[in-house]
Amino acid sequence: MSETTGRVDFVVSNETYQTWYKVYGDLKSGVRPLVTLHGGPGIPHQYLLPHIDLCKLYSIPVVFYDQIGCGESTHLPDKPKEFWRMDLFLDELENLVARLGIQNNFDVLGHSAGGRLAASLACYRHPPGLKRLVIFSSPASMKFWVDGCRSLLAQLPEDVQDVIRKHEEAGTTDDPEYQKATGVFFARHVCRIDPQPQDLQTALAAMAAEPTVYRTMNGPSEWCVTGPNKDWTIIDDLHRITTPTLLINGAYDEATDLCVSPYFRGIAKVKWVKFANSSHLACFEERERYMQVVADFLKM
């Protein structure tokens, strides 16, 4: 299995940035490649590396990249909040696909915030080369995402809820006590594997070291969304997605059925698979079955 790493120029207005990428497999093999879109926004690609299995086991070339602002791509901590918008990331994705020469035949898998990006690509840009879409534990509405997360928070121990509420009301969400309390939620609804897989730890550490994109677009936590993401919804436009779509979430997922189900109702060609023993990262929690489900869909 070959590996290729590189950077492509990404021009915004009169400035040139760098998008870092890594490809597993041969983009010229004749097998349609899969482009993976990490979440956060601003949590880099490492935690999606289990998808290398799709190349190893099913000969599907897989493209990983770090979206601008995080990971190995250009960091821009001083940009104003207006800079960070969905169209920026859509432009970057289309630029990367074109630079890799796969724009006429490719699939996309987006996880969490990356799923919103993937859905927006199919809904608003309609690239003719996009053949299959995988929306992995991603909301169709940030309001429904927050409502779902809040319903899960209400099931946490009372003392944990009290700590979270106290620091959010005081605006002290950087306090270690708050971070520890959010860790309880994380262990139940983001990744149920203990200890956390190393690739996940690496990605989260990178986001913590450069939190600009997450903090600006999202806010202090998964359910305390204060940035421009808070009003995002695609529900009314889902009928515009004509790409065959695989929808995934887990039984314990912070991406609850409330925020995922509009995709199932709104997209014409869609299949929904729910993983009974997973939360937000079925690619780790039920890795073998997850890869089989995704590969079967992509090879249809």
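Bear in mind the structure is a predicted one, so any value in this text is a computation, not a measurement. (Residues numbered from 1 in each chain as written. Predicted model: local features only at pLDDT ≥ 70, side-chain atom pairs only at ≥ 80, totals over all residues. Heavy atoms only, no water.)

S.K.: Honestly, the packing of aromatic side chains in this entry has me stumped. Any pointers?
M.R.: Here a ring pair, both rings aromatic, is described through the centre-centre distance and the interplanar angle of the planes. Counted according to the given criterion, the structure contains eight aromatic pairs. For the pair F83 and W84, a centre-to-centre distance of 4.9 Å together with 90° between the ring planes defines the contact as edge-to-face. Overall, F83 belongs to the buried group, its relative accessible area being 10%. Classification of W84 as buried rests on a relative accessible area of 2%. The interplanar angle of 40° and the centroid separation of 5.0 Å between the aromatic rings of F136 and Y290 together place this pair among those described as tilted. Here F136, found in strand 6 (residues 130-136), pairs with Y290, found in helix 11 (residues 287-298); they are 154 residues apart in sequence, far enough to count as distant. In this structure, F136 and Y290 share a single accessibility class: buried. Ring-pair connections join several aromatic residues into one group, and the members of that group are Y17, F83, W84 and F89. Over the ring of W232 we find R116, and its NZ or CZ is 4.8 Å from the ring centre. The aromatic ring of Y252 is capped on one face by R192, whose charged end is 3.8 Å from the ring centroid. (Phe/Tyr/Trp six-rings, centres within 6.5 Å; stacked < 30°, edge-to-face > 60°. Buried < 20%, exposed > 50% of the residue type's maximum accessible area, 1.4 Å probe, protein only. Helix = DSSP H or I, 4+ residues; strand = E, 2+ residues; numbered from the N terminus. Lys NZ or Arg CZ within 6 Å of the ring centre and 35° of its normal.)

S.K.: Would you explain the side chain of S261 in this entry?
M.R.: As for its placement among the helices and strands, S261 is situated in helix 9 (residues 257-266). Classification of S261 as buried rests on a relative accessible area of 14%. Among the polar contacts made by the side chain of S261, one reaches the main-chain carbonyl oxygen of D257 at a distance of 2.8 Å. (Polar contact = N/O pair within 3.5 Å; in protein donor to acceptor, adjacent residues only side chain to side chain.)

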